[in-house]
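# Structural description and commentary
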Amino acid sequence: MSTLQQAIAAIQTIAAGLSGMRAAPAYPPDSINQFPFAVSYPAHGSVGGTDFHQARYTIVTEIHVSRRDLPRDMATLMPYVELFTQAVLASPTLGLSATALAGTIEFDFAVMEWAGVPTIGFVFKTPVKQVAS
């Protein structure tokens, strides 16, 4: 079975390939000065099963745009709803790092901050299932 980190890395690879994305590091950085950028991390999960090993995780992906000029910043941000969700849905095994997506991708708009820099962005929640027999 693949690892949780491999699934996160696959999502970051997808995010890095999105049009206009400037950075999508493998691990959340202490600071960053390239916008827009994407960061992914585990939110919660469960592991178990009797005849097989099954893990379900929710991987959070934040896409940040620096907050300087709201109309321009929103114009930069808005395409990522479709770009991100369509790219993840087009790769339901996340490059073979997951058995399948385990439900729908949810997202929220958020006023955020990263390393003291005000940002706006989307917080995506991607449910992932990994099964090994």
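Higher on the page you've got the structure.
Sequence order sets the numbering: in each chain, residues are counted from 1 along the sequence as written. Reporting in this predicted model follows two pLDDT cut-offs: at least 70 for local features of residues, and 80 or more for side-chain atom pairs to be given and counted; totals over whole chains, interfaces and linings ignore these cut-offs and use all residues. Only heavy atoms go into the side-chain values, all of them from the structure, while hydrogens and water stay out.

## Focus on the packing of aromatic side chains
Cut-off, in case you're wondering: Whether two aromatic rings pair depends on their centres lying within 6.5 Å, for rings of Phe, Tyr and Trp, where Trp uses its six-membered ring; planes under 30 degrees apart make the pair stacked, over 60 edge-to-face, and the rest tilted. Working definition: helices are DSSP H or I runs of at least four residues, strands are E runs of at least two. Numbering for both runs from the N terminus. A simple rule labels every residue: compare its accessible area, found with a 1.4 Å probe on the protein chains alone, to the largest value its type can have, and call it buried under 20%, exposed over 50%, or partly exposed in between.
One pass over the structure, following the stated rule, counts 7 aromatic pairs. Here the aromatic rings of Phe-37 and Trp-114 are separated by 5.7 Å at their centres, their planes lie at 75 degrees, and the arrangement is edge-to-face. Of the two residues, Phe-37 is situated in strand S1 (residues 37-48) and Trp-114 in strand S4 (residues 106-114); the sequence distance between them amounts to 77 residues. Taking the relative accessible area as the measure of exposure, Trp-114 reaches 15% and is therefore buried. Ring plane angle 75 degrees and centroid distance 6.1 Å describe the contact between Phe-109 and Phe-122, whose orientation is recorded as edge-to-face. Of this pair, Phe-109 sits in strand S4 while Phe-122 sits in strand S5 (residues 117-132), placing them 13 residues apart in sequence. Since its relative accessible area comes to 42%, Phe-109 is described here as partly exposed. Put simply, the rings of Phe-84, Phe-107, Phe-109, Phe-122 and Phe-124 pair up and form one aromatic cluster.

## Here's the deal with the nonpolar core
Burial of nonpolar side chains together is a common tendency in soluble globular proteins. Let me state the cut-off plainly: We call a set of buried residues a nonpolar core when its members are Ala, Val, Leu, Ile, Met, Phe, Trp, Tyr or Cys and they connect through side-chain atoms within 4.5 Å of each other. Between two residues, a contact is recorded if the distance between any of their heavy atoms is within 4.5 Å.
Counting residues in hydrophobic clusters, the biggest one holds 25 residues, and the most contacted among them are Ile-63, Phe-84, Val-88 and Leu-94. Elements represented by at least two residues in this core include exactly helix H1 (4-16), strand S2 (53-66), helix H3 (80-89) and S5. Residues within four places of Val-88 in sequence aside, it is in contact with Ile-14, Leu-94, Leu-101, Ile-105 and Thr-126. Ile-32, Phe-35, Phe-37 and Trp-114 belong to the second largest nonpolar core, which has 6 residues in total.

## Side note on the side chain of Ser-66
Inspection of the secondary structure assignment puts Ser-66 in strand S2. The exposure class assigned to Ser-66 is buried, which follows from its relative accessible area of 9%. Contacts of Ser-66, omitting those with residues within four sequence positions, involve Phe-35, Asp-73, Pro-118 and Thr-119.

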